[in-house]
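Residues per chain are reported as follows:
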Amino acid sequence: MKSQPALRKPFGVMVHKEIADHIRSWRFAVLIALIVLTFIASMYVSLSNIKPATGNTNDPDHIFLYLKLLTTTDNSIPPFHVFLSFLAPLLGISLGFDAINSEQNNGTLIRLMAQPVYRDNLLLAKFTSAMVIVSSLFVALALLMIGGGLILTGVRIEPQEVLRILGFIALSIAYVAFWLSLSITLSVRFKQAATSALVAIGIWLFFTIFYQIVINLFIKSILPDPNFLSQAQVIYYNELILNLSRIAPNQLFTDGITTLLMPSVRSLGPITMEQMAGAIPSPLPFKESLMIVWPQISGLLASTIACFALAYYLFMRREIRG
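Note that this is a predicted model, so its numbers are computed, not measured.

(A) Expanded view of the overall build of the protein chain. What the protein chain contains, in helices and strands, is 14 helices and zero strands. Along its sequence from the N terminus, the protein chain presents helices and strands in the succession α-α-α-α-α-α-α-α-α-α-α-α-α-α. C-alpha atoms of the protein chain, sized along the principal axes, occupy 70 × 55 × 45 Å. Expressed as a percentage of its 322 residues, the buried residues of the protein chain come to 43%. Within the protein chain, contacts between residues at least 6 apart in sequence are counted, and of these 80% link residues at least 24 apart. Working note: accessible area of the protein chain is about 17,100 Å², and carbon and sulfur atoms make up 67% of it. Measuring between centres, the 22 positive side-chain charges of the protein chain sit 14 Å from its 16 negative side-chain charges.

(B) Up close: the side chain of Asp 255. Looking at the secondary structure, you find Asp 255 in helix α12 (residues 249-261). Asp 255 gets classed as buried once you look at its relative accessible area, which sits at 8%. Aside from chain neighbours lying at most four places away, what touches Asp 255 is Arg 246, Leu 268, Val 293 and Gln 296.

(C) Local environment of the packing of aromatic side chains. Tallied over the entire structure, the rule returns seven aromatic pairs. Summarising the aromatic geometry, the rings of Phe 39 and Phe 80 are spaced 5.1 Å apart at their centres and angled 80° between planes, so their arrangement reads as edge-to-face. With Phe 39 in helix α2 (residues 26-48) and Phe 80 in helix α5 (residues 80-96), this residue pair connects regions lying 41 residues apart in the sequence. We classify Phe 80 as buried; its relative accessible area is 4%. Taken together, the aromatic side chains of Phe 206, Phe 207 and Tyr 211 make up a single cluster linked through ring pairs. Across the ring face of Phe 190, the terminal group of Arg 189 is positioned such that the distance to the ring centre comes to 5.4 Å.

(D) Just α12, in detail. For α12, built from 13 residues, the straight-helix expectation of 18 Å at 1.5 Å per residue is met to within 8% by its first-to-last C-alpha distance of 18 Å. Within α12, ten of the 13 residues are buried, which leaves the element mostly enclosed by the surrounding structure. When we look at burial in α12, the residues that qualify are Pro 249, Asn 250, Leu 252, Phe 253, Asp 255, Gly 256, Ile 257, Thr 259, Leu 260 and Leu 261. Contacts from the buried residues of α12 go to α4 (65-71), α5, α9 (159-189), α10 (193-222) and α14 (286-316).

(E) Empty space enclosed by the protein, seen in detail. One pass over the structure, following the stated rule, counts one cavity of 30 Å³ or more. In this structure, the largest cavity encloses a volume near 80 Å³. What lines the largest cavity is Phe 39, Leu 70, Phe 80, Phe 138, Leu 141, Ala 142, Met 145, Ile 165, Phe 168, Ile 169 and Ser 172. Where the lining of the largest cavity is concerned, the elements lending two or more residues are α8 (119-153) and α9. Looking at side-chain class alone, the lining of the largest cavity contains ten nonpolar, one polar and no charged residues.

(F) View of the packing of α5 against α9. Contact geometry of α5 with α9 gives a least axis separation of 7 Å together with a crossing angle of 35°. Here α5 runs over α9; the crossing is right-handed. Contact residues: Phe 80, His 81, Leu 84, Ser 85, Ala 88, Pro 89, Gly 92, Ile 93, Leu 95 and Gly 96 in α5; Phe 168, Ser 172, Tyr 175, Val 176, Trp 179, Leu 180, Ser 183, Ile 184 and Ser 187 in α9. A breakdown of the residues in the contact of α5 with α9 according to their chemical character gives twelve nonpolar, seven polar and no charged.

(G) Highlighting the side chain of Arg 164. Looking at the element boundaries, Arg 164 is found in helix α9. Take Arg 164: its relative accessible area is 0%, and that puts it in the buried class. Among the polar contacts listed, one links the side chain of Arg 164 to the backbone oxygen of Thr 259, at a separation of 3.4 Å. For Arg 164, the residues in contact, after removing those within four places along its chain, are Leu 67, Thr 259, Leu 260, Pro 263, Leu 284, Pro 285, Phe 286 and Ser 289.

(H) A look at the environment of Leu 84. Secondary-structure assignment places Leu 84 in helix α5. Taking the C-alpha atoms as reference points, Leu 84 and Ser 172, 88 residues apart in sequence, are found 8.0 Å from one another. Non-local contacts of Leu 84, meaning those with residues more than four positions away in its chain, are made with Pro 89, Phe 138, Phe 168, Ser 172, Tyr 175 and Phe 253.

(I) Highlighting the pattern of salt bridges. For the coordinates displayed, the defined rule picks out eight salt bridges. The closest approach of N and O atoms between Glu 103 and Lys 17, which form a salt bridge, is 3.6 Å. Of the two residues, Glu 103 sits in helix α6 (residues 101-105) while Lys 17 sits in helix α1 (residues 3-24), which places them 86 residues apart along the sequence. Close ionic contact of Glu 103 with Lys 126 constitutes a salt bridge, the shortest N to O distance being 2.9 Å.

The rules behind the values
Residues numbered from 1 in each chain as written. Predicted model: local features only at pLDDT ≥ 70, side-chain atom pairs only at ≥ 80, totals over all residues. Heavy atoms only, no water. Helix = DSSP H or I, 4+ residues; strand = E, 2+ residues; numbered from the N terminus. Buried < 20%, exposed > 50% of the residue type's maximum accessible area, 1.4 Å probe, protein only. Contact = heavy atoms within 4.5 Å. Areas by Shrake-Rupley, 256 points an atom, 1.4 Å probe, with all protein chains shown as cover. Lys, Arg positive; Asp, Glu negative; His and termini not counted. Charge placed at Lys NZ, Arg CZ, Asp CG, Glu CD. Phe/Tyr/Trp six-rings, centres within 6.5 Å; stacked < 30°, edge-to-face > 60°. Lys NZ or Arg CZ within 6 Å of the ring centre and 35° of its normal. Expected span 1.5 Å × (residues − 1). 1 Å grid on protein atoms, 1.4 Å probe; cavity = no way out; pocket = protein on both sides within 12 Å on 5 of 7 lines; lining within 4 Å. Points joined across faces, edges and corners; volume = space filled by probe spheres on them. Nonpolar A, V, L, I, M, F, W, Y, C, P; charged D, E, K, R; others polar. Axes fitted to C-alpha atoms, helices over the stretch in contact; angles between N-to-C directions. Left-handed = near helix turned anticlockwise from the far one by under 90°. Polar contact = N/O pair within 3.5 Å; in protein donor to acceptor, adjacent residues only side chain to side chain. Salt bridge = Lys/Arg side-chain N within 4 Å of Asp/Glu carboxyl O.

Below, the structure is given as structure tokens:
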């Protein structure tokens with residue numbers, strides 16, 4: 001019984017040390033400042049346009065004031081969740097691209113492994129410390145948004161909004177976790193931090209910009225003349241395009257937050273006129289929205305676990321004395 005605290009103690013020390021290193025680093029401070037500034041700018045634009053957004057009775061989501069704070073814009077700047085889809089990968093990459101190779105290049109990895117600690121504890125400490133910081137940041141921003149909305153509007157927040165905002169936070173953390181685990185894997189695979197950073201940014205740029213172009217070129221090469229397609233064939237090709245797009249993690253994140261922050265979204269795929277017949281535009285309960293995006297959430301979590309498992313496999317087979 002006395003040996004368990006002794007085994008846990010090195011892990012806790014490593015987590016605290018990694019958190020302190022992240023907080024003191026300039027790159028982390030710059031990214032945090034960038035995210036906070038975009039959050040403040042998005043909230044300012046949302047609050048400036050909140051009255052017409054909540055007064056539009058044709059919008060089924062007009063009663064959710066606090067969700068409107070995250071989605072309303074006047075088209076001068078994107079809403080916060082769109083900003084986050086670009087900034088979250090950079091946050092995850094910046095926290096993990098030199099997690100292992102910098103330790104080895106500085107000569108601290110072999111000294112650390114000479115201590116009575118397990119190799120997997122080092123990877124877990126790197127991952128856990130970064131996720132503690134990211135989770136604290138997103139929770140703080142959500143509380144700031146809710147507190148500011150309460151002070152400026154005086155409107156009580158509904159339980160459905162609390163659940164959806166918590167889901168938005170959890171999905172954002174999972175999105176950062178994927179890019180963090182990917183960058184840690186690259187830091188194990190490549191000896192130079194600059195190489196792992198460039199590869200991680202290249203993967204992010206590919207999925208953000210070029211992947212949709214590749215899909216469009218592929219679909220155009222196999223798509224028959226649309227004038228000769230039946231309704232079933234049109235739906236099939238639309239579903240094919242959507243399924244190929246959802247290989248990209250940013251598309252999974254966008255689908256998830258769109259459904260969670262907009263309760264009236266009932267489907268993420270093509271809908272026929274027969275399916276729309278008799279449907280009344282109204283917000284869905286949180287549970288049903290969660291069921292719609294559960295495949296996207298599962299995909300992000302599975303990708304994160306796969307990347308971390310690969311990092312663990314590569315690190316356990318790596319020669320640290322070289």
